[in-house]
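This is what each chain is made of:
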Amino acid sequence: MRYVVIALCAALAACGEVEDTRPGRPVAHRQEAFKAILRAFEPMGVQLRENTFEPVSFMDHARALERIKDTPWEYFGEDTQYPPSKSLDRLWQERAGFDALQEDFQRSTGDLKAAAESRDEAGIRAAWAAVEKTCRDCHKAYRR
């Protein structure tokens, strides 16, 4: 029985994420860009959720997010709907809707940076929630 469990664990470990081997690796690049966005965005949410708001640290993350907010979008070319993409086919079928959500995200990250510069915590909370909503709306509509 122990050998069956070991064999099962080894088989599951071999079932990892599909690697992007296409020229230029656009899916891998956009996934990494979104991970970088999350690394900038999530620490701000932690501060707000845990009531540990630190204006200087928050501002650093808001600036980082502002710098990288445009990076994933160039990797959503017509020929990039293949594994390991987690995008739904409707992203390309409803491109105008996807583009509108992208613009909402970019605008709201700018608003978040401006709110962070003001150091007004209530304004910051509202601006952070607006960015979070753009992420959630896009994932709900266009991501598996």
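This text goes with the structure placed above it.
A few points on the structure. Remember, predicted model here, so these are calculated numbers, not experimental data.

### Observations regarding the overall build of the protein
Of regular secondary structure, the protein possesses six helices and zero strands. Shown N-terminal to C-terminal, the secondary structure of the protein runs as helices and strands in the order α-α-α-α-α-α. Here the protein, with 144 residues, has 33% of them falling under the buried criterion. Considering only contacts within the protein whose residues lie at least 6 apart along the sequence, 71% involve residues at least 24 apart. Total accessible area computed for the protein in this model is approximately 8,800 Å², and 57% of it derives from carbon and sulfur atoms.

### What to know about the packing of aromatic side chains
Evaluated as defined, the whole model comprises nine aromatic pairs. Ring geometry for Phe-34 versus Phe-76: centroids 6.1 Å apart, planes at 65°, classification edge-to-face. Here Phe-34, found in helix H2 (residues 26-49), pairs with Phe-76, found in the loop between helix H3 (55-68) and helix H4 (90-93); they are 42 residues apart in sequence, far enough to count as distant. An aromatic cluster of at least three residues, connected via ring pairs, comprises Phe-34, Trp-73, Phe-76, Phe-98, Phe-105 and Tyr-142. Directly above the aromatic system of Tyr-82 lies the positively charged group of Arg-22, at a separation of 3.8 Å from the ring centroid. Seen from the ring of Tyr-142, Arg-90 lies directly overhead, with NZ or CZ sitting 5.5 Å from the centre.

### Digging into the pattern of salt bridges
In this structure the tally under the stated criterion is ten salt bridges. Notably, a salt bridge pairs Glu-66 with Lys-69, separated by 3.1 Å at the nearest N-O pair. For Lys-69, a relative accessible area of 12% gives the class buried. A salt bridge links Arg-107 to Asp-104; the shortest N-O distance between them is 2.4 Å. On the criterion of helical spacing, the pair formed by Arg-107 and Asp-104 is a turn pair, its members being three residues apart in helix H5 (residues 95-118).

### Description of the side chain of Thr-109
Relative to the elements of secondary structure, Thr-109 occurs in helix H5. Residue classification places Thr-109 among the buried residues on the basis of a relative accessible area of 1%. A distance of 2.8 Å separates the side chain of Thr-109 from the backbone oxygen of Gln-106, its partner in a polar contact. Not counting residues up to four positions away in its chain, the partners in contact with Thr-109 are Leu-65, Glu-66, Lys-69 and Val-131.

### Brief notes about the environment of Glu-132
With respect to the element layout, Glu-132 can be found in helix H6 (residues 121-142). Linking Glu-132 and Ser-108, residues 24 residues apart in sequence, is a C-alpha distance of 9.1 Å.

### Details of H5
Each turn of an α-helix holds 3.6 residues, which means side chains three or four residues apart point in the same direction. End to end, H5 covers 35 Å across 24 residues, agreeing with the expected 34 Å (1.5 Å per residue, within 8%). Taken residue by residue, H5 has Phe-98, Leu-101, Gln-102, Phe-105, Gln-106, Ser-108, Thr-109, Leu-112, Ala-115 and Ala-116 as its buried positions. Where the residues of H5 are buried, they touch H2, H3, H4 and H6. Positive backbone phi, approximately 65°, marks Arg-119, located one or two places after H5.

What counts, and where the lines are drawn
Sequence order as written defines residue numbering, which begins from 1 separately in each chain. Per-residue local features of the predicted model are confined to residues with pLDDT of at least 70, and side-chain atom pairs are confined, for both listing and counting, to 80 or more; whole-chain, interface and lining totals are unaffected and use all residues. Processing note: side-chain calculations cover all non-hydrogen atoms of the structure and skip hydrogens and water entirely. To qualify as a helix, a DSSP run of H or I must reach at least 4 residues; to qualify as a strand, a run of E must reach at least 2; elements of each kind are numbered from the N terminus. Using a 1.4 Å probe on the protein chains alone, a residue whose accessible area is under 20% of its type maximum counts as buried, one over 50% counts as exposed, and one in between counts as partly exposed. Residue contacts are defined here by distance: any two heavy atoms, one from each residue, within 4.5 Å place the two residues in contact. A 1.4 Å probe and the Shrake-Rupley method give the accessible areas. Residues count as covered only by the protein chains that appear here. Note on ring pairs: Phe, Tyr and Trp rings are taken, using the six-membered ring of Trp, and paired if centres are within 6.5 Å. Classes follow the plane angle, with under 30 degrees stacked, over 60 edge-to-face and the rest tilted. Counted as over-ring charges are cases with an Arg CZ or a Lys NZ within 6 Å of the ring centre that also lie within 35 degrees of the ring normal. The working definition used for a salt bridge is a side-chain nitrogen of Lys or Arg within 4 Å of a carboxyl oxygen of Asp or Glu. In the analysis that follows, any N or O atom pair within 3.5 Å is treated as a polar contact, provided that within protein one partner can donate a hydrogen and the other can accept it, and provided that, for residues neighboring in sequence, both atoms belong to side chains. By this rule the span expected of a helix is its residue count minus one, scaled by 1.5 Å.

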